[in-house]
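Reading the structure
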Amino acid sequence: MAEPAAKPSRSQAPWSRFLRPSGRPPAPSTPLPGTRASSGRGARGWGEPGAGGGGGFCCWDLKPWVSPPPARGRRPHMCSRRVRIMPRAPCWPGTWVICSTHLKGEGCRTVPLAGHVGFDSLPDQLVNKSVSEGFCFNILCVGETGLGKSTLMDTLFNTKFEGEPATHTQPGVQLRSNTYDLQESNVGLKLTIVSTVGFGDQINKEDSYKPIVEFIDAQFEAYLQEELKIRRVLHTYHDSRIHACLYFIAPTGHSLKSLDLVTMKKLDSKVNIIPIIAKSDAISKSELTKFKIKITSELVSNGVQIYQFPTDDESVAEINGTMNAHLPFAVIGSTEELKIGNKMMKARQYPWGTVQVENEAHCDFVKLREMLIRVNMEDLREQTHSRHYELYRRCKLEEMGFKDTDPDSKPFSLQETYEAKRNEFLGELQKKEEEMRQMFVQRVKEKEAELKEAEKELHEKFDRLKKLHQDEKKKLEDKKKSLDDEVNAFKQRKTAAELLQSQGSQAGGSQTLKRDKEKKNSYCFTVNSAVCCMLHETQVLFGLPVDALFLRNRAGPPFL
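The notes below deal with the structure included here. (Residues numbered from 1 in each chain as written. Predicted model: local features only at pLDDT ≥ 70, side-chain atom pairs only at ≥ 80, totals over all residues. Heavy atoms only, no water.)

The next point concerns the packing of helix α6 (residues 314-324) against helix α7 (residues 365-375). A packed helix pair is summarised by two numbers, namely the angle formed by the two axes and the spacing between the axes. Between α6 and α7, whose axes approach to 11 Å, the crossing angle comes to 140°. It follows from the interaxial angle that α6 and α7 lie oblique. For the element pair α6 and α7, the recorded crossing hand is left-handed. Contact residues: α6 offers Val 316, Ile 319, Asn 320 and Met 323, while α7 offers Lys 367, Met 371 and Val 375. (Axes fitted to C-alpha atoms, helices over the stretch in contact; angles between N-to-C directions. Helix = DSSP H or I, 4+ residues; strand = E, 2+ residues; numbered from the N terminus. Parallel < 35°, antiparallel > 145°, perpendicular 65-115°, else oblique. Left-handed = near helix turned anticlockwise from the far one by under 90°. Contact = heavy atoms within 4.5 Å.)

Here's what the structure looks like:
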């Protein structure tokens, strides 16, 4: 077997405990204590191509494997996972390089520092950066109209948010979103409150949850689209994903409504649900305790998963575990301040007494504020991103055809997934193109047959009309000829009639003149007779002689 190019000393080799006295690591045929040699790549002699001495890598399966030598008095850290020695790692020929993910925990080697380095300020740097950028928190208030959602938000954040009161006449469920910039000390918070207007006011409540689910999915989709962009600006992007859902339960004292169960069941995989009993001062303390137990049992029996405050952090494990037992919180909201003793406190005044909002003996408002804002706000944001958004993102990418592994359970890179999806898409496109081409050819043939049939019919119709036209034309020509003959005959008859008329007029002209002369003579005689009669009457009347009267008449117009 060839010797390595250089031998690390015992002090240099991190695994010197398992080295031979000569300083060489054990040969691949001699597994390390508690291990067995892999039969895969790298199980060759040192110095050979692909072996540790030749700049290659060795692969070992640790069955369990003992970590580097533990400190005095501490138990060795056992790792039951399979560890692959890193390939082509920059190291001395023949040294062992183990994946750093298996050097965590108690088996991690501790190296003392000779002086101050400065990386202990990293948390301060993160805090300063986060404070300068500010935070965002989005709350969804789901509940029927009139349960005090707006009042509770005003009480939680100790301010007065602008908003119009909702009515009970909404035709459907609408989501109204309002964003506010809050400042406390030097910390800025961009708070978004989304309220469900008209929830539970309709006669048919079957689809009341759908607008809420669609709104939550729309916020996830907007973030996913921003995340998939080539040029992302997530550090300045306004995250509108819902971090907490306060579900307001009516204080009936009996059980949950079917609308509440259906809605929470649809939302539990998309948002962190914190159920609260609104206006809890409407029922007695004993009824409230039974009501809480009833709600919890119904949620468990129907498989509704509500948000549980985390108990993995030792600093908040005790208080969160205690508060998990108080769910759902029975809360009261009020913006009115009353003087109780020597202090001004938020309370509600009734004829029978006063209910203090921040008194834990009266309601769970303080518990809700502590858990929601002061202790677990960051965990709610983290759960939204790591659980609910990741679930939506995974389902969406799987719908788009992206997968982590191939059918053989081998890892799939994004490029391979893209290429596979692209090839699949091109195949489907070619298939659809071929189908469309065949359909086009078939339709063209059908259209050609239809056009040929229509052309044949048109030709037949043209021939029929042409023949009919010729017949009509022949008839018209015959009729014209007959009319022309009649016209010529009429002209001949007219000419003959005119000739006969002219001859008759010439023959009867002399007779007419004679008759006219006779008429004139008779007329003159009649006139003369009349004049004579008149002269005679005048002579008799005036006693004049006839000759004198005749002469006087000759001076006037002639009578004869």
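Now, onward.
Okay, a nonpolar patch on the surface next. A contiguous nonpolar surface patch, about 340 Å² in accessible area, is contributed by Leu 113, Val 117 and Phe 119. With respect to the helices, strands and loops of the structure, Leu 113 is situated in the loop between β4 (78-79) and α1 (122-133). For Leu 113, a relative accessible area of 55% translates into the label exposed. (Patch = residues over 30% accessible without salt bridge, like charges linked within 9 Å, V, L, I, M, F, W, Y side chains within 5 Å. Areas by Shrake-Rupley, 256 points an atom, 1.4 Å probe, with all protein chains shown as cover. Salt bridge = Lys/Arg side-chain N within 4 Å of Asp/Glu carboxyl O. Buried < 20%, exposed > 50% of the residue type's maximum accessible area, 1.4 Å probe, protein only.)

A few words on a negative patch on the surface. Residues Asp 312, Asp 313, Glu 314 and Glu 382 make up a contiguous surface patch of negative charge. Locating Asp 313 in the fold gives a position in the loop between α5 (285-301) and α6. (Lys, Arg positive; Asp, Glu negative; His and termini not counted. Charge placed at Lys NZ, Arg CZ, Asp CG, Glu CD.)

Moving on, we come to the environment of Ser 240. Here Ser 240 is to be found in the loop between α3 (210-227) and β8 (244-249). Ser 240 sits 20 residues away from Phe 220 along the chain, and the two C-alpha atoms are 8.2 Å apart. If we ignore the near neighbours within four places in the chain, the residues touching Ser 240 are Asn 138 and Gln 219. Side-chain polar atoms of Ser 240 contact the side chain of Gln 219, separated by 2.7 Å. (Polar contact = N/O pair within 3.5 Å; in protein donor to acceptor, adjacent residues only side chain to side chain.)

For the structure on display, the rule yields 9 aromatic pairs. Centroid distance Tyr 223 to Tyr 389: 5.0 Å. Interplanar angle 85°. Geometry classified as edge-to-face. In this pair, Tyr 223 is assigned in helix α3 and Tyr 389 in helix α8 (residues 377-399), connecting sequence segments 166 residues apart. Of the two residues, Tyr 223 and Tyr 389, both sit in the buried class. An aromatic cluster of three or more residues is present, and its members are Phe 220, Tyr 223, Tyr 237, Tyr 389 and Tyr 392. A cation over an aromatic ring shows up here: Arg 241 above the ring of Tyr 223, its NZ or CZ 3.7 Å from the ring centre. (Phe/Tyr/Trp six-rings, centres within 6.5 Å; stacked < 30°, edge-to-face > 60°. Lys NZ or Arg CZ within 6 Å of the ring centre and 35° of its normal.)

Further remarks concern the side chain of Glu 298. Along the chain, Glu 298 turns up in helix α5. It turns out Glu 298 is buried and unbridged, and the closest side chain with the opposite charge, Lys 294, is 4.1 Å from it. Looking at Glu 298, its side chain comes within polar contact range of the main-chain nitrogen of Leu 256, at 3.0 Å. Residues in contact with Glu 298, not counting those within four places in the same chain, are Ser 255, Leu 256 and Leu 261.

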